[in-house]
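# Residue-level structural notes
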Amino acid sequence: MEKVRIGIFGLGRGGFAREYCAKAGNAEIVAVCDRNQTMLDRYKQYGYATYDNWDDFIKHDGLDAVVLANFATEHAPFAIKAMKEGKHVLSEVNPFNNLKEGIELIEAVEETGKVYAYAENYCYMPCNIEMTRLIRSGEIGNFEYGEGEYLHNCEPGWAGHTAANPNHWRNHMYSTFYCTHSIGPIVHNSGQRPVKVTGFEVAHNDRMKRMNSASGPIGIEMIEFENGGIGKSIHGVGVSKNSYWFCLYGSKGRAESLREATGEHQNIKFIHTNIDEYEGQNIYFNEKMYQPLPSSQMSLDANSLGHGGGDFFTMYHFCEKILGRENDSIDVYEAADMFLCGMFAYRSILAGGIPMRIPNLRDKAERDLWRDDTASTDAKTAGDLLLPENGRDHGELSDKIKALLEKSAYKI
């Protein structure tokens, strides 16, 4: 196989895959699927096979892999279907909606042997690629602390994001649901598994009311990792100003992206460091600011795609993994680690700030403890474990949800 033959499911967000294939040499689009006929008509000009339903799309002759860019609450079921049809999967954010789905997703990956990669593009922004290099090379020492921010004032575009539909998933997500843009780089940079989290949220505000969203505007996670390091993640759609910012402390120094820069995502293209040669050294003015500029054509191509080039590298590493070559893709276990931080942070919020233990879904025995856990704010899948949409205005919690929070709580 010289090129991976890709199908796109969801042409709104999924357009990044077409842009990638127009530049890269390891993949091509062969089929697309969307329920929006206007969008399908637009894609016919590229010569792709077009489908308006999943069942016909997934059986397209010669299809190797699928990019899932459908609703964020529906990725896992379609990923499972695709892998059982023999297709590799690149999943957009989030990987799953509840623990039951997450366990089924992991076991589908294990049973089918298909490549599953998670398209957390913030891990592949230039500053975060460089922070990952600093940790893996040992240049910054051992991971001790990290911060990630993804704060996005979505009010101006919210009607478009939700199609002005009060039942859209975005209007019912909890404050720490859409968390992996801020948590993901900490997990990926550090290489550490999160083991415990405490959650906080900002009270429901006027902006969220104007947006007709019941969620808290900002979610915060304080995370403990398996090596004793700590991470702080903050994200939300109901803030007054945008902020995309990342910081990493190792045992030999610090690295961070710029706080502010002119132009969208320009700040994450630069990095500021203060790193010593060895632990115990402390040179106060050992600082430098630079723009990581790999010299390859691939990196030049990445710069023209969205999210600071992150969209390019999610596709690149996915295709390279399918082709059996060296890659830095995010597998299903790492994707689960990223998302579970936010899931259990919200349980912490509902329980009044009690720390929560994060399950290790690599452990098959531990999966059995959570196999029937459907808790979420999604009425279509939660059943009798439907959670309130924010942590302050929910009234009395049901006995089943109280029992779930007790089961999740970290026992000191």
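Analysis parameters
Residues numbered from 1 in each chain as written. Predicted model: local features only at pLDDT ≥ 70, side-chain atom pairs only at ≥ 80, totals over all residues. Heavy atoms only, no water. Pairing = 2+ DSSP bridges. Helix = DSSP H or I, 4+ residues; strand = E, 2+ residues; numbered from the N terminus. Axes fitted to C-alpha atoms, helices over the stretch in contact; angles between N-to-C directions. Parallel < 35°, antiparallel > 145°, perpendicular 65-115°, else oblique. Contact = heavy atoms within 4.5 Å. Nonpolar A, V, L, I, M, F, W, Y, C, P; charged D, E, K, R; others polar. Phe/Tyr/Trp six-rings, centres within 6.5 Å; stacked < 30°, edge-to-face > 60°. Buried < 20%, exposed > 50% of the residue type's maximum accessible area, 1.4 Å probe, protein only. Expected span 1.5 Å × (residues − 1). Polar contact = N/O pair within 3.5 Å; in protein donor to acceptor, adjacent residues only side chain to side chain.

## Some words on the sheet that holds strand β8 (residues 194-201)
If you trace the nine strands from one edge of the open sheet to the other, you get β14-β13-β12-β11-β7-β10-β9-β8-β15, paired in mixed fashion. Across the chains shown, the open sheet's two edge strands, defined by having one partner strand only, are β14 (287-290) and β15 (356-357). Two elements, strand β13 (residues 271-275) and β14, share four bridges in a ladder whose sense is antiparallel. In the sheet register, asparagine 274 faces β14, and the bridge partner there is glutamate 287.

## Quick notes on the packing of helix α5 (residues 99-112) against helix α12 (residues 332-350)
Helices that pack against each other are described as a pair by the angle of their axes relative to one another and the distance between those axes. One can describe the packing of α5 onto α12 by two numbers: an axis separation of 11 Å at closest approach and a directional angle of 175 degrees. By the angle between their axes, α5 is roughly antiparallel relative to α12. Residue-level contacts link Leu99, Leu105, Ile106, Val109 and Glu110 of α5 to Val332, Tyr333, Ala336, Leu340, Met343, Phe344 and Arg347 of α12. Grouping the amino acids of the contact of α5 with α12 by side-chain chemistry returns ten nonpolar, no polar and two charged.

## What about unusual backbone geometry?
Glycine aside, the phi torsion of most residues is negative, and most peptide linkages are trans. Cis peptide bonds are those with omega within 30 degrees of zero, and the linkage from valine 93 to asparagine 94 qualifies with 5 degrees. Note that asparagine 94 resides in the loop between β5 (88-91) and α5. Residue alanine 163 is not a glycine yet carries a positive backbone phi of 55 degrees. Residue placement: alanine 163 occurs in the loop between α7 (158-161) and α8 (180-190).

## Points about the packing of helix α1 (residues 15-23) against helix α11 (residues 310-322)
Running from amino to carboxyl end, α1 crosses α11 at an angle of 70 degrees, the nearest separation of the two axes being 9 Å. It follows that α1 is roughly perpendicular to α11 by the angle criterion. On α11, the residues touching Phe16, Ala17, Tyr20 and Cys21 of α1 are Asp311, Phe312, Thr314, Met315, Tyr316 and Cys319.

## Some words on the packing of aromatic side chains
Summed over the entire model, instances satisfying the criterion amount to 28 aromatic pairs. Considering the side-chain rings of tyrosine 150 and tyrosine 244, the 5.8 Å spacing of their centres and the 20 degrees angle between planes classify their relative orientation as stacked. Taken as a pair, tyrosine 150 in strand β7 (residues 143-151) and tyrosine 244 in strand β11 (residues 243-250) lie far apart in primary sequence, 94 residues in all. The class for tyrosine 150 is buried, based on a relative accessible area of 9%. Residue class for tyrosine 244 comes out buried when judged on its relative accessible area of 9%.

## Here's the deal with α5
Helix length check: α5, at 14 residues, gives a terminal C-alpha distance of 20 Å against a target of 20 Å (1.5 Å per residue), a fit within 8%. Those residues of α5 lying buried are Leu99, Glu101, Gly102, Ile103, Leu105, Ile106, Glu107, Ala108 and Val109. Buried-residue contacts for α5 involve α4 (75-84), β6 (116-118), α12 and α13 (364-370). Of the residues one or two after α5, glycine 113 is the one with positive phi, at around 75 degrees.

## Remarks on the side chain of histidine 168
For histidine 168, the location among the structural elements is in the loop between α7 and α8. From its side chain, histidine 168 meets the backbone oxygen of histidine 161 in a polar contact 3.3 Å long. Among residues more than four places away in sequence, those in contact with histidine 168 are Phe71, His161 and Thr162.

## Some remarks on the environment of arginine 210
In this structure, arginine 210 sits in helix α9 (residues 206-210). Accessibility expressed as a relative area gives 51% for arginine 210, which makes it exposed. When the C-alpha positions of arginine 210 and lysine 100 are compared, they lie 33 Å apart, and in sequence the two are 110 residues distant.

## Some thoughts on the sheet that holds β6
To summarise the sheet geometry, strands pair through backbone hydrogen bonds and adopt either a parallel or an antiparallel arrangement. Within the open sheet, the six strands sit side by side as β3-β2-β1-β4-β5-β6. Their pairing is parallel. Two strands lie at the open edges of the sheet, namely β3 (49-51) and β6, each paired on one side alone. Going from strand to strand, the sheet's axes swing by 25 degrees on average, the running direction of each strand aside. Here strand β1 (residues 4-9) runs beside strand β4 (residues 65-68); their pairing, made up of four bridges, is parallel. Among the inter-strand pairings, isoleucine 6 is bridged to a residue of β4, identified as alanine 65.

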